[in-house]
Amino acid sequence: MDLEAILDGVFGDVSDHIGEGKVADYIPALAKIDPRKFGMAVATVDGGIVTLGDAGEPFSIQSVSKVFTLTLALGRVGEGLWKRVGREPSGTPFNSIVQLEHEHGIPRNPFINAGAIVVADTLLSGHEPRETLGEVLSFMRHIAGDETIVIDREVARSEQQTGFRNAALANYMFAFSNIHNPVEKTLGVYFHQCALSMSCVQLARAGLFLANRGRLASGHSVVSAERARRINALMLTCGHYDASGDFAFRVGLPGKSGVGGGILCIAPGKAAIAVWSPGLNANGNSAAGTRAMESFARRSGWSIFG
Ligand code: GLU
């Protein structure tokens, strides 16, 4: 398959839409990003990489990080994680509080903020935040095969200063004993993992194990094939918050979005695809990025639905 030609076609399809949507401004450090940025990278299971536009420029991966902290947490606590967080789509926005009261402080899934805060809390137990973040960063560098990946401290600080909803979620879950560490420490881990700064190339490479039955392109095992499958299932059903159904309908691949405008998609057995365009649609997902994934899926014919 000529992936270069497919990406050229994708660019033709989306170029009129680049800059569409609204850059996330509730985290002040993200508000100043140029909305006209657009990059895309496809990392294939044979170790190849094909890129488009600003694919080498690092951006704030935000909630895409939740895929990787979930992977680490499952490695740490195994299936016991599911006592503290569910596996159902929420049908609510990323930072919704209402459901938590009905469900006694157990978040619907690990990809809404409340769920990712619980996942961060499991990684923190027995450690200091600095150690946990060191573990997250080493993991990202290892799976991306790139030692230059960093956490953007300015973005983390900016979110820390304005993260009142996330603080409310964490305190609320603490009241239900579903946060085990001091709330400020757990939130510190969460805000810093969201502030991981990665390019589309790094992100596609980091996600490749999910397309490759749990293995890196080198053959090194990260998780079992079964676990990779299950993480993909959660990405498909919960990766785009209350637009997860629409993304599955339009794209047909497991995907995880972040408010930095990044989306990571997995084409099992084939490739991991990362796209970045900072303008967000009404659901808080990259507007041009979603269009680009839709165009890519149509042009490549890659879909988990046949
Ligand atoms: N750090 C962001 C928040 O918790 C992540 C949200 C997202 O990327 O969807 O508000």
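Below or above, wherever it landed, is the structure these notes cover. (Residues numbered from 1 in each chain as written. Predicted model: local features only at pLDDT ≥ 70, side-chain atom pairs only at ≥ 80, totals over all residues. Heavy atoms only, no water.)

### Points about the side chain of Gln99
Along the chain, Gln99 falls in helix H4 (residues 98-102). In contact with Gln99, not counting residues within four places along its chain, are Ser90, Thr92 and Arg108. (Helix = DSSP H or I, 4+ residues; strand = E, 2+ residues; numbered from the N terminus. Contact = heavy atoms within 4.5 Å.)

### Brief notes about empty space enclosed by the protein
All told, the structure shown has 2 cavities of 30 Å³ or more when counted by the stated rule. Taken as a whole, the largest cavity holds about 70 Å³ of empty space. Of all elements in the fold, only H4 and helix H5 (113-124) reach the threshold of two or more residues within the lining of the largest cavity. Considering only residue class, the lining of the largest cavity consists of 7 nonpolar, 4 polar and 2 charged. Within this model, the second largest cavity holds a volume of roughly 40 Å³. Lining the second largest cavity are Tyr26, Gln62, Ser63, Lys66, Phe94, Asn113, Glu159, Tyr190, Cys194 and Val259. Looking at the lining of the second largest cavity residue by residue, the classes come out as 5 nonpolar, 3 polar and 2 charged. (1 Å grid on protein atoms, 1.4 Å probe; cavity = no way out; pocket = protein on both sides within 12 Å on 5 of 7 lines; lining within 4 Å. Points joined across faces, edges and corners; volume = space filled by probe spheres on them. Nonpolar A, V, L, I, M, F, W, Y, C, P; charged D, E, K, R; others polar.)

### Re the packing of aromatic side chains
Applying the stated rule across the entire model yields 7 aromatic pairs. Where Tyr26 meets Phe94, the ring centres are 5.9 Å apart and the plane angle is 45 degrees; that geometry is what we call tilted. Highlighted residues: Tyr26 in the loop between helix H1 (3-14) and helix H2 (28-31) and Phe94 in the loop between helix H3 (65-77) and H4, separated in sequence by 68 residues. Their ring planes at 45 degrees and their centres at 5.5 Å tell us that Phe94 and Tyr241 sit as a pair that is tilted. Of the two residues, Phe94 is situated in the loop between H3 and H4 and Tyr241 in the loop between helix H11 (225-238) and helix H12 (244-250); the sequence distance between them amounts to 147 residues. (Phe/Tyr/Trp six-rings, centres within 6.5 Å; stacked < 30°, edge-to-face > 60°.)

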